[in-house]
Amino acid sequence: MTKLDSTLRTRFAPSPTGFLHIGGARTALFSWAYARRFGGKFILRIEDTDRERSTEESERGVIDGLRWLGIQWDGEIARQSEANARHQEVIEDLLTAGKAYRCICSREELEQRKQEHIARGDKWTYDRKCRDEDYAADCGTHVVRLKLPDTGMLGWVDGVFGESGQDASEIGDVIIRRSDGSPLYHLAVVVDDIDLGINFVIRGQDHHSNTPFQLAIYQAMGVEPPRLAHVPLIVGKNGKKLSKRRDPISVQQFQEEGYLPEAMRNWLTRIGWSHGDQEVFSSEEITQTFDLEHVNHSSAQADLEKLVWLNQHYLKTLPMDQIRDYVLPFLEKEVGGSVQWDDALAFYIEADRERPKTLVEMAQRARFLLLDDDALQIDEKAAKKHLKANIAPALEQLRDAFAALGAWDHESIEGAFQSVLEQQNRERSEEQGEMKMGKLAQPVRVAVTGGPVSPGIHETLMALGQERSVTRLSNAIQAIRARA
Ligand code: GLU
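All of these numbers come straight from a predicted model, not from anything done at the bench. (Residues numbered from 1 in each chain as written. Predicted model: local features only at pLDDT ≥ 70, side-chain atom pairs only at ≥ 80, totals over all residues. Heavy atoms only, no water.)

J.: Could you clarify how one ought to interpret the site of the ligand in this entry?
T.: The ligand sits among Arg 11, Ala 13, Pro 14, Ser 15, Glu 47, Tyr 185, Val 189, Arg 203 and His 207. Within the contact set of the ligand, a nitrogen atom lies 2.7 Å away from a backbone nitrogen or oxygen of Ala 13. Contacts to the ligand include Glu 47, whose side-chain N or O atom sits 2.6 Å from a nitrogen atom. Starting from 300 Å² of accessible surface for the ligand in isolation, the protein chains cover 81%. When its residues are assigned to classes, the shell around the ligand shows four nonpolar, two polar and three charged. (Near = heavy atom within 4 Å. Polar contact = N/O pair within 3.5 Å; in protein donor to acceptor, adjacent residues only side chain to side chain. Areas by Shrake-Rupley, 256 points an atom, 1.4 Å probe, with all protein chains shown as cover. Nonpolar A, V, L, I, M, F, W, Y, C, P; charged D, E, K, R; others polar.)

J.: What am I meant to see in the sheet that holds strand 3 (residues 78-79) here?
T.: Strand pairs in the sheet, formed through backbone hydrogen bonds, run parallel or antiparallel to each other. Spatially, 1-2-3 is the arrangement adopted by the three strands of the open sheet, whose pairing is parallel. On the outer flanks of this sheet lie strand 1 (9-12) and strand 3, each paired with one strand and no other. Relative to strand 2 (residues 41-46), strand 1 is paired through four bridges, and the arrangement is parallel. Opposite Arg 9, over in strand 2, you have Lys 41 as the bridge partner. Along the sheet, helix 2 (residues 56-69) makes contact with strand 1, strand 2 and strand 3, crossing strand 2 at roughly 160°. (Pairing = 2+ DSSP bridges. Helix = DSSP H or I, 4+ residues; strand = E, 2+ residues; numbered from the N terminus. Contact = heavy atoms within 4.5 Å. Axes fitted to C-alpha atoms, helices over the stretch in contact; angles between N-to-C directions.)

J.: What is the right way to read the packing of helix 5 (residues 185-195) against helix 6 (residues 211-221) from this model?
T.: Packed helices, taken two at a time, are described by the angle their axes make and the gap between the axes. Taken N-terminus to C-terminus, the directions of helix 5 and helix 6 make an angle of 55°; their axes are 9 Å apart at the nearest point. Taken together, the axes of helix 5 and helix 6 lie oblique to each other. Between helix 5 and helix 6 lies a crossing whose hand is right-handed. When helix 5 is examined against helix 6, the residues His 186, Leu 187, Val 189, Val 190, Val 191, Asp 193 and Ile 194 are found in contact with a partner set consisting of Phe 213, Gln 214, Ile 217, Tyr 218 and Met 221. Looking at the contact of helix 5 with helix 6 residue by residue, the classes come out as nine nonpolar, two polar and one charged. (Parallel < 35°, antiparallel > 145°, perpendicular 65-115°, else oblique. Left-handed = near helix turned anticlockwise from the far one by under 90°.)

Written out as structure tokens, the structure is:
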């Protein structure tokens, strides 16, 4: 049985850059799923200390991406910039307690001493020149450094990587406040995590190497560090790092390409994590089964084919009213105007939902329905192949048969097709051979949809309606005659 822990608090701490990276989204999913699984809270903290890059707009990209994925955070959004005074207060406290000190070594001096060290074959960490000087606040340009222990492991048992850590002697007295007075990022992260009561940090593997230094800050502050787990970064299928230029890396990009949040959430969760051989996970299943034991240690490969497969799965199986809400904006984009969701459109999308891979494709395939009959453009290649002069008489007969139908349903449409095929086959010579359904259905499809792909011809015509089908057949016949 899962042991619930209502005191558990995880967080996602993105630096806003205008979009939600799929790696960040996956880390957020893991943190969120873990908190939900064990009955804890999931906090969102925007690390917006880089004021130049952190605009409201760049924040919105991250927040919208999380919302779209269905990741809900608890309580208000925390902002790192709002805690600036608190960061300064902690630095001052550490100075007062003698756990940190002011250092006036200039960059040039440091560089020179570093080179001398290296020339002697020694490893360089700050040589503690200012450590015992006790410089006061008025000492001029200075940074603040944390006093690290001489030796001793700054270690932890990582939730994914197990025993981890680094000896303090390899780190040296690191800076926690720059000469311009701004706190170092690592200090801000630690202070914020403490103040928000975060007791389990789940984050990207790129922060694994920062952790010993952050543990030293916890130690100096006399605060028990949280549990920590670092999740491997997402790489491409070839094992290479994702590149902004080559790969789709933002959640928004996938959204625009017509992937469903259900598919995206499922796909991201399954990258580098498994639960038996289960592939399809609803949001509830994710939050009921997620664990860190089954997060892979090696890098996590993003397989786009799997995403396509999942997207098709959800396009086929989600309730129709959900599909309607998802596809409507794509339809509107496709036709460049507002779209009325009516029975015909619903019927068509339902009939076609097994085929498209994305919402973009779903909308493209429904485009013909939404256009005015006179605005329908027939694909040239399809016209050349399927709308030849010799098919015009059959299309004319069919158009007349359609126009005469009293009912417009699968059966009546089929009846009209059969009667035209019979008529044609009575009139056709031996070398013309028998005309079969496919030979007639494809030209009809091209005539009414403008292209060679659509669901069953009956469904296509039913969705289009009797009058419009007749008009489009007439238009196509006219075009054939004009070309002849
Ligand atoms: N803001 C950091 C990032 O976006 C995350 C810091 C952390 O999770 O500790 O990479």
